[in-house]
Amino acid sequence: MTNKRKILVGRKLPDAIETKLSRDYLPLFNSDDHVFSPDELIAKSQGMDAILACHSEPLNAEVIALLPDTVRLIANFSVGVDHVDLNAAKARGIVVTNTPDVLSDATAEIAILCMLGAARRASEGERLVRSGHWNSWSPAFMVGTQITGKRIGIVGMGRVGQVLAQRASGFGMKIHYHNRRPLPSITGFNATFHPQLEEMLPLCDVLSLNCPATPETRGLLNRARIDLLPEGAIVVNTARGALVDDEALIAALKIGKVGAAGLDVFNDEPNLHPGYRELDNTFLLPHIGSATRETRDAMGYRALENIEAFFSGKEPVDRVA
Ligand code: DGY
């Protein structure tokens, strides 16, 4: 008879993490790494003590209501927890944790990639070279926008936003930010705080979304706010697709009001709005902000620390509910 805890593991995790899970727990792995349907998630949770979940697991109120009583912890392998209904979890007495900090560098790198990819027409250029149709260099050929010295407006100055601000400072960018509160102290960059988003938008040559998706921030980048951006501004989203009104952004990209967009996240992933694919002025990535070997290992260890703390009766350091 073993007293090891049973853990349902939502997706394929790095080898080192699965090895540690197998040593210390009784994991039920998702061997072919498919996305669990709500019914499957509920069925596989029977008899489990915890779920090690990713943002692809639909832990909405309906699913949480049907989880067995044995499940006492949802330990997320993600910083974002918008896939979990936190109120429903609280109501069932299920503790929820996430993995902050460890993915800030990797995600800020992708924000820089999205900014440069959009500004310098990287998708168009790459497609052209691969197609074999590139036929000459010319001063008028594939001219984009320089970001050095431009103004970036960061919405959400959490951990990722701050690393992005440091990196953008390295390009000589002027940093503006909108956040619930001004940062108490800033190191490594100068930044101007804007309590009102509307007041910051006209100053954004680049607008980067770095806040979580919550009921308050859903659809934040809507038509009225896009209208406040300077003509030809660049929009970057590495946070969550739900922050953007897709129809409004696509319409603005079509007329050049938004000059280009670099997007790593989408509404209804992986079924993004087809309008984005049809445009040349979009640089699109498949939600890979945290996808480095270093970061994925670190996320796994952080999730394991939370699980270990919880089952040894301590408060998990990354408890969000
Ligand atoms: C996160 O950690 O929130 C990343 O977006 C992956 O889900």
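Note that the coordinates shown come from a computational prediction; the quantities given were computed from them, not determined experimentally.

For the peptide bond that leads from Glu269 to Pro270, omega is 0 degrees, which places it in the cis range. Topologically, Pro270 is positioned in the loop between β11 (258-263) and α11 (274-278). Of note, Asp33 is a non-glycine position whose phi angle comes to about 55 degrees, a positive value. Its location among the elements puts Asp33 in the loop between β2 (26-28) and α2 (38-44). Owing to a relative accessible area of 31%, Asp33 belongs among the partly exposed residues under this scheme. The phi dihedral of Asp101 falls on the positive side, at around 70 degrees, and the residue is not glycine. Locating Asp101 in the fold gives a position in the loop between β5 (95-97) and α5 (104-119).

Before going further, it helps to spend a moment on the packing of aromatic side chains. One pass over the full model with this rule turns up 3 aromatic pairs. Residues Tyr177 and Phe193 carry aromatic rings whose centres are separated by 5.3 Å and whose planes lie at 45 degrees to one another, so their mutual orientation is tilted. Separated by 16 residues along the polypeptide, Tyr177 in strand β7 (residues 174-178) and Phe193 in strand β8 (residues 191-193) bring together distant segments of the chain.

The next subject is the sheet that holds strand β3 (residues 50-53). Within a sheet, adjacent strands bond to each other through the backbone by hydrogen bonds, running parallel or antiparallel. Reading across from one edge, β2-β1-β3-β4-β5 is the order of the 5 strands in this open sheet, with parallel pairing throughout. Each edge of the open sheet carries a strand with a single partner, namely β2 and β5. Sheet twist, expressed as the mean angle between neighbouring strand axes with direction ignored, is 20 degrees. As defined by bridge partners, strand β4 (residues 73-76) adjoins β5 across 3 bridges and the pair is classed as parallel. Within β5, the position partnered with Ala75 by the bridge is Thr97.

Following the UniProt record, the feature "domain: D-isomer specific 2-hydroxyacid dehydrogenase catalytic" (unreviewed entry) maps to residues 37-320 here. Regarding residues 37-320, the helix share stands at 36% and the strand share at 15%, and the terminal C-alpha atoms are separated by 24 Å.

In space, the 7 strands of this open sheet follow the order β8-β7-β6-β9-β10-β11-β12, with parallel pairing throughout. Edge positions in the sheet fall to β8 and β12 (282-284), since each of these pairs with one other strand and no more. Neighbour-to-neighbour, the strand axes of this sheet turn through a mean angle of 15 degrees, independent of strand direction. Lying over the sheet, helix α10 (residues 246-255) contacts β10 (233-237), β11 and β12, oriented at roughly 130 degrees with respect to β11.

On to the pattern of salt bridges. For the structure on display, the rule yields 20 salt bridges. Between Glu124 and Arg121 there is a salt bridge, with the nearest N and O atoms lying 2.9 Å from each other. A relative accessible area of 17% places Glu124 in the buried class. Ionic contacts of the salt-bridge type, sharing partners, join the residues Lys20, Arg23, Asp24 and Glu308 into one network.

In contact at an axis separation of 9 Å, helix α1 (residues 15-24) and helix α12 (residues 293-311) are set at 20 degrees when each is read in the N-to-C sense. Comparing the axis directions of α1 and α12 gives the class roughly parallel. Residue-level inspection shows Ala16, Ile17, Lys20, Leu21 and Asp24 of α1 in contact with α12, the latter providing Asp297, Gly300, Tyr301, Leu304 and Glu308. Looking at side-chain class alone, the contact of α1 with α12 contains 5 nonpolar, 1 polar and 4 charged residues.

For the rest of this paragraph, the subject is the nonpolar core. Judged by nonpolar contacts, the single largest core of 31 residues is most densely connected at Val155, Leu207, Leu209, Leu229, Leu249, Val258 and Tyr276. Elements represented by at least two residues in this core include exactly α8 (197-200), β9 (206-209), β10, α10 and β11. In terms of nonpolar packing, the next biggest core, distinct from the first, is built from 27 residues, Met115, Ile147, Ile154 and Ala165 among them.

This part covers the side chain of Asn306. Take Asn306: it is sitting in helix α12. Within the structure, the side chain of Asn306 is placed 3.2 Å from the backbone oxygen of Asn98, a separation counted as a polar contact. When sequence neighbours within four positions are dropped, the list of residues in contact with Asn306 reads Thr97, Asn98, Pro316, Val317 and Asp318.

What counts, and at which threshold
- Residues numbered from 1 in each chain as written.
- Predicted model: local features only at pLDDT ≥ 70, side-chain atom pairs only at ≥ 80, totals over all residues.
- Heavy atoms only, no water.
- Helix = DSSP H or I, 4+ residues; strand = E, 2+ residues; numbered from the N terminus.
- Buried < 20%, exposed > 50% of the residue type's maximum accessible area, 1.4 Å probe, protein only.
- Phe/Tyr/Trp six-rings, centres within 6.5 Å; stacked < 30°, edge-to-face > 60°.
- Pairing = 2+ DSSP bridges.
- Axes fitted to C-alpha atoms, helices over the stretch in contact; angles between N-to-C directions.
- UniProt positions renumbered as here; feature names shortened; annotations may be inferred.
- Contact = heavy atoms within 4.5 Å.
- Salt bridge = Lys/Arg side-chain N within 4 Å of Asp/Glu carboxyl O.
- Parallel < 35°, antiparallel > 145°, perpendicular 65-115°, else oblique.
- Nonpolar A, V, L, I, M, F, W, Y, C, P; charged D, E, K, R; others polar.
- Core = buried A, V, L, I, M, F, W, Y, C linked by side-chain atoms within 4.5 Å.
- Polar contact = N/O pair within 3.5 Å; in protein donor to acceptor, adjacent residues only side chain to side chain.

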